[in-house]
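What follows is each chain in one-letter form.
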Amino acid sequence: MIKNMRQLLYLFAHPNFSHSVMSKALLEEVYQHPQFLFRDLYELYPDFHIDVAREQQLLEEYDGIIVHFPLRWYALPSLLKEWIDVVFAPGFAFGQRGQKLQDKFLIPIVTAGGTQASYAAGGKNIFPISHYLISLEQTAKYCHMNYIEPLVFYGVHRLNQEEDLVKAREFFREELTKLTTEKNLKNFSTLKFIDDF
Amino acid sequence: MEDHQYLLGFIIFLTATLIFVPLTKKLGLGAILGYLMAGLLIGPSILGFFNDVHRILAISEFGVVLFMFLIGLELRPEKLRELRTKMLWLGAPQMLLSVMLGFFLLQLMSHGNSFAFALSMALTLSSTAIGLQVMQERKMAETNAGKGSFAILLFQDLAIIPMLLVVSFLGASHKGSIDHLIDYKSLLRIFMTVAFIIFLGKYFLNYIFRQLAATQLRELFTSISLLLVVGVSLLMESVGLSMAFGSFLAGLLLAESEYRFELETSIEPFKGLLMGLFFTSVGMTIDLSLIINKYEQVFIYGVAAFLFKFGLHFLIGKISGMDKEESTVMALITAPIGEFAFVILKLSHDQSLITQSQLSLCNLVIVSTMVFNPLSLLLYDRVFKKKFNAKKNKSGEKNRLDEQKENPVIVAGFGRLGTVIVRLLHAKKINATVLDTDPKQIEQVKKIGFKAYFGDATRLDMLKLAGAENAKVLLIVVDDTFTAEQIVRLVRVNFPHLKIMARCHGRNDYYALREAGADMIFRDAFLTGLTMGQKLLEILGERASDARKYVHRFKEHDEEMLEQAFFHHHNQEALISLAKRSFSDLDRILNKDEDWVRKEGHWND
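First, a word on scope: everything that follows refers to the structure included in this document. (Residues numbered from 1 in each chain as written. Chains lettered and ligands numbered in written order. Predicted model: local features only at pLDDT ≥ 70, side-chain atom pairs only at ≥ 80, totals over all residues. Heavy atoms only, no water.)

Time to look at the overall build of chain B. A tally of helices and strands in chain B yields 26 helices and six strands. For chain B, with 605 residues in total, the buried portion stands at 48%. Looking at chain B alone, contacts between residues at least 24 apart form 74% of all its contacts between residues at least 6 apart. Of the roughly 30800 Å² of accessible surface on chain B, 64% is carried by carbon and sulfur atoms. (Helix = DSSP H or I, 4+ residues; strand = E, 2+ residues; numbered from the N terminus. Buried < 20%, exposed > 50% of the residue type's maximum accessible area, 1.4 Å probe, protein only. Contact = heavy atoms within 4.5 Å. Areas by Shrake-Rupley, 256 points an atom, 1.4 Å probe, with all protein chains shown as cover.)

A few words on the overall build of chain A. The secondary structure content of chain A amounts to eight helices and seven strands. Per-residue burial for chain A yields a buried fraction of 52% across its 197 residues. Taking contacts inside chain A between residues at least 6 apart in sequence as the whole, the part at least 24 apart equals 76%. Just so you have it, chain A exposes about 9700 Å², and 51% of that area is on carbon and sulfur atoms.

Quick look at helix H4 (residues 78–87) of chain A now. Residue and element names in this part refer to chain A. Every buried residue of H4 is listed here: Leu79, Leu80, Trp83, Ile84 and Val87. For H4, the angular spread of the buried residues around the axis is 140 degrees, confining them to a single face. Tucked inside the fold, the buried residues of H4 contact strand S1 (8–12), helix H2 (41–44), helix H3 (52–61), strand S3 (64–70) and helix H6 (134–142). (Arc of directions from axis to C-beta.)

Here we come to the environment of B:Gly131. Residue and element names in this part refer to chain B. Here Gly131 shows up in helix H7 (residues 128–137). A residue is classified by how much of its surface remains accessible, and Gly131, at 0% relative accessible area, is buried. For the pair Gly131 and Leu153, spaced 22 residues apart in sequence, the C-alpha to C-alpha distance is 7.9 Å.

Our next topic: the nonpolar core. Residue and element names in this part refer to chain B. In this structure, Met68, Leu83, Phe150, Phe248, Phe279, Val282 and Leu345 are the most contacted members of the largest nonpolar core, which totals 84 residues. Those residues in contact with Leu83 that sit more than four places away from it in its chain are Leu75, Phe150, Ala151, Leu154 and Phe248. Core analysis: the second largest hydrophobic core is formed by 52 residues, Leu205, Ala213, Ile224 and Leu241 among them. (Core = buried A, V, L, I, M, F, W, Y, C linked by side-chain atoms within 4.5 Å.)

Another aspect to go through is the interface of chain A and chain B. Every contact between the two is made by 22 residues of chain A and, on the other side, 14 residues of chain B. Roughly 1600 Å² is buried in total at the junction of chain A and chain B, and carbon and sulfur atoms are behind 41% of that figure. Run the count over chain A and chain B and you get three salt bridges. Across the pair B:Arg543 and A:Asp40 runs a salt bridge whose closest N-O atoms are separated by 2.5 Å. The interface formed by chain A and chain B contains five residue pairs in polar contact (both at pLDDT 80 or more). Mapped by element, the contributors of at least two residues to the side of chain A that touches chain B are helix H1 (22–30) and H2 of chain A. (Buried area = accessible area lost by both parts, 1.4 Å probe. Salt bridge = Lys/Arg side-chain N within 4 Å of Asp/Glu carboxyl O. Polar contact = N/O pair within 3.5 Å; in protein donor to acceptor, adjacent residues only side chain to side chain.)

Okay, the packing of helix H4 (residues 62–74) of chain B against helix H11 (residues 243–254) of chain B next. Residue and element names in this part refer to chain B. Two elements in contact, H4 and H11, have axes separated by 6 Å at closest approach and are oriented at 30 degrees. Put simply, H4 runs roughly parallel to H11. The crossing of H4 and H11 is right-handed. Judged by residue contacts, Phe62, Val65, Met68, Phe69, Ile71, Gly72 and Leu73 of H4 engage Met243, Ala244, Ser247, Phe248, Ala250, Gly251, Leu252 and Leu254 from H11. Along the lines of polarity and charge, the residues of the contact of H4 with H11 split into 12 nonpolar, three polar and no charged. (Axes fitted to C-alpha atoms, helices over the stretch in contact; angles between N-to-C directions. Parallel < 35°, antiparallel > 145°, perpendicular 65-115°, else oblique. Left-handed = near helix turned anticlockwise from the far one by under 90°. Nonpolar A, V, L, I, M, F, W, Y, C, P; charged D, E, K, R; others polar.)

Residue and element names in this part refer to chain B. With respect to the helices and strands, Val551 occurs in helix H24 (residues 544–567). The sequence separation of Val551 and Gly529 amounts to 22 residues, and the corresponding C-alpha distance is 10.0 Å. The residues touching Val551, leaving out its near neighbours within four places in the chain, are Leu530, Gln534 and Leu537.

Turning to the packing of aromatic side chains, a few remarks are in order. Any pair of aromatic rings gets described here by the distance separating the centres and the angle formed by the planes. With the rule as written, the count across this model stands at 32 aromatic pairs over all chains. Judged by centre distance (6.0 Å) and plane angle (55 degrees), the rings of B:Phe150 and B:Phe248 are tilted. Residue B:Phe150 is located in helix H8 (residues 144–172), and its partner B:Phe248 is located in helix H11; the two are separated by 98 residues in the primary sequence. Neither residue differs from the other here; B:Phe150 and B:Phe248 are each classed as buried. When the ring of B:Phe261 is compared with that of B:Tyr453, the centres are 4.4 Å apart and the planes differ by 40 degrees; the resulting orientation is tilted. With a gap of 192 residues between them, B:Phe261 in helix H12 (residues 260–284) and B:Tyr453 in strand S3 (residues 453–454) connect regions that are remote in the sequence. In this structure B:Tyr453 comes out as buried when scored by relative accessible area, which is 13%. Through a chain of ring-to-ring contacts, the aromatic side chains of A:Tyr10, A:Phe12, A:Phe17, A:Tyr31, A:Phe36 and A:Phe38 assemble into a single cluster. (Phe/Tyr/Trp six-rings, centres within 6.5 Å; stacked < 30°, edge-to-face > 60°.)

Spelled out as structure tokens, the structure:
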């Protein structure tokens, strides 16, 4: 492995992965990156019984986490929420004895059914995605983490051409490389979405 | 002919008690008065069926011995500690104060020293038989008053032998030497005997019990139980300790035994019968003509003795920190003079400390205090209880706490499945009472640190002993369904509050247990099959979360179908058509998602 490369934990949480299209395509890119430790939460913990010690140990070893999920009712899928609830425990994530997450990255990658236009004033969903992820953002900040603005794939409901997927994968490949090599991830956040296909 | 006479006597005894005891019980007077009345009627005073009263009394005293054995059996270590403290703070002061005050009062009435002392000792004793019987009838063994009473009674039992020695000493004092009464050899003998019994109880008895249990013949167990109690009691008596204390000690030693429940159920009926016989024979000793001649004296002395004891015990109770109601109840229970007073007085008479007429009068006074006990309890119930009602609630709460201490779970069957459940409960620090009928299995789980009792859960008395009245859940994990079904039926009728969880092997078992009234039934192969099936789906490429979903749906559907099948399980045709329908439904139900996706389109995310 190349030195100075960021080692990231890739947490994937999809309640209906068997029926997904976009996420399946995106994961093909993820598998190519050996510096990600890929963890499929719904595969690991179908009973929602999370191995907290193991998860915390991994968090300590890596430089940060990518959380990749489809937006469900404007929020995180329930297992991912559960994962944060139990893993970001007092004495580990915050509190006097544990601030083990300090300066680690938290990078959301989100797939959403609605178009970008719908996530805006006047649109069907009224508020921008960042608004809906505010609790995730604040959680990260509370734990002194480095929160990166989410990378969002909008409008996946309308997805119907193979070439859209190819485009998305190409775009995603570049972004993933940046995630591990870019010195300043602020640059990443400027490229935070690809628009409707 | 001799045999027939015994049988006839038995019939008379049983008939008399069957007439009187239900009657007095119904009138709220308690069983004791009924036995006493039955005894009076069939005894020498009226009908004269029995003349050898003292022999019957001697035999039936064994009821008390058995009773003490049972109490010893039920005493857990933490309760024993509490009992020791109570004996020190209640038993010892009662003994000392009662003897001293009684002695003082009798001297005031210008009686001689020896006479006053012998009589005051007899007066001090309380009736263990009555005390135990009342506590059992009123279910108050776990209350403060009950524990206090028992402490006093047990302390007195320990004091009886020294008392008999003192009486002999008083009688022998003119004759000179007392060396033969207290010597080191007899002390050593007592010590050796107790040590022998402890050794026997700790290392040997369980082995014997196991061998006998393996024969699966209940009557052998009854025999060994009786042999054990009688043997230990006689042994203790031969070295100069009381039989009651001896059997109590034997009970204590076996309190931790796996065979405790079986011992209890074996002894229990004998104890009940003998206690009844004991009270009846006390009734027989009542000399009606003497009462008629001296009824004033009997009545006055009886009331005086009863009030003296009641007052003193009430005060001791109050001082030791009981509330008014507890002290009252304890004092009422321990107020009647005890059966051992007969023995002490008899010995005093033999030692010419008291005269024959004094002896007869004293015996009558003792019996009269025994009669006052149920009467005063009735009075207490009718008149005073209302006053204490406010406080009742408080002690009610206490009782509920005590109940929580009892095990909430009973497990019938300690095979592999039972062991898993008990291990889980153990990890959660939940106590379970475990019953099994296989001594080998009990031995096996003992090796890994778990305790099961030898006992058959298809028997009502065994379930009661295991605490079915207080428990919340009964787990039936015995191997064969026929046994399981028997247990369910028994429990459903007798302990309707108890939740029954039962294991079964297949559908027919399910129908049987469901019909018998089990609340929750688990098919063991079914659950294992689902767990294996879920893993199998994962290995074959389903996502874990999907496999879980399918298996859950499959389980729900199957359970629903089983429940429907239960209602048709006598009708073979209906069952078959149900099975067919169920099979076609299953595919639709498992693939609900795909259906929905087809209709509503993809989310694609």
